[in-house]
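Residues per chain are reported as follows:
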Amino acid sequence: MCLMKNGHTEGLGFLIHDAARVMRRRFEVRAAGYGLSAAQWRLLVRLVKAEGVPQARLAAFLEIEPISVSRLLDRMEEAGWIERRPDPADRRVRTVFATEKSRRAFAEVKSVANEIYEEALAGMSFADRAALVGGLKTLISNLSDDDCAAEGCKTTVAKEDVA
């Protein structure tokens, strides 16, 4: 199954899915000591990078139902990973914040993620890495409609994105 044979993209979706799956699996194995699921890690990363996200936005980001994200947050709050607060502008909205425990774990696990990225990109030149990241960002931008703007996606490639 060749990705770019004569300009065709047979199997592109399978390749992207498989790449994400093997990276996620490698991460889960290495980060298992923290007792968080992959969904909880994704949520935690989002919170550390952008404090005060409304619960409904987290559900959209994780692509799960709001009731499921609420249960996920209940467990994380109980374990001291997150804190929920009422939105000062709208009492019906609950915003979610990372705790100091989350920030410490994120800092530790970020180095694990960087090691996995290096393993995944081994043998690729800087130019190939930049092309891969740039291509994926363009793909996301092309298919995201207005979601990308809300997520803060960038279409330029910074050195730290591929190094």
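What this report covers is the structure whose coordinates are included nearby. (Residues numbered from 1 in each chain as written. Predicted model: local features only at pLDDT ≥ 70, side-chain atom pairs only at ≥ 80, totals over all residues. Heavy atoms only, no water.)

Quick look at the environment of Arg84 now. Mapped onto the fold, Arg84 is located in strand β2 (residues 82-86). For the pair formed by Arg84 and Phe97, sequence separation is 13 residues and the distance between their alpha carbons is 6.2 Å. (Helix = DSSP H or I, 4+ residues; strand = E, 2+ residues; numbered from the N terminus.)

This part takes up the packing of helix α2 (residues 38-49) against helix α3 (residues 55-62). Two packed helices can be described by the angle between their axes and the distance between those axes. At a minimum axis distance of 11 Å, the contact between α2 and α3 shows a crossing angle of 125°. The pairing of α2 with α3 is recorded here as oblique in orientation. At the point where α2 passes α3, the crossing takes the right-handed sense. Contacts from Ala39, Arg42, Leu43, Arg46 and Leu47 of α2 reach α3 at Leu58, Phe61 and Leu62. (Axes fitted to C-alpha atoms, helices over the stretch in contact; angles between N-to-C directions. Parallel < 35°, antiparallel > 145°, perpendicular 65-115°, else oblique. Left-handed = near helix turned anticlockwise from the far one by under 90°. Contact = heavy atoms within 4.5 Å.)

Turning to the packing of helix α1 (residues 12-30) against helix α5 (residues 100-121), a few remarks are in order. It is at 10 Å that the axes of α1 and α5 come closest, and there the two elements cross at 140°. Considering their axes alone, α1 and α5 lie oblique with respect to each other. In the packing of α1 onto α5, the handedness of the crossing is right-handed. Where α1 abuts α5, its residues Met23, Arg26, Phe27 and Arg30 lie against Val109, Val112, Ala113, Glu115, Ile116, Tyr117, Glu119 and Ala120. The class makeup of the residues in the contact of α1 with α5 is eight nonpolar, no polar and four charged. (Nonpolar A, V, L, I, M, F, W, Y, C, P; charged D, E, K, R; others polar.)

Counting across every chain of the model gives two aromatic pairs. For the ring pair Phe27 and Trp41, a centre distance of 5.8 Å and an interplane angle of 85° mean the geometry is edge-to-face. Residue Phe27 is found in helix α1, and its partner Trp41 is found in helix α2; the two are separated by 14 residues along the sequence. You'll find Phe27 and Trp41 in the same group, each marked buried. (Phe/Tyr/Trp six-rings, centres within 6.5 Å; stacked < 30°, edge-to-face > 60°. Buried < 20%, exposed > 50% of the residue type's maximum accessible area, 1.4 Å probe, protein only.)

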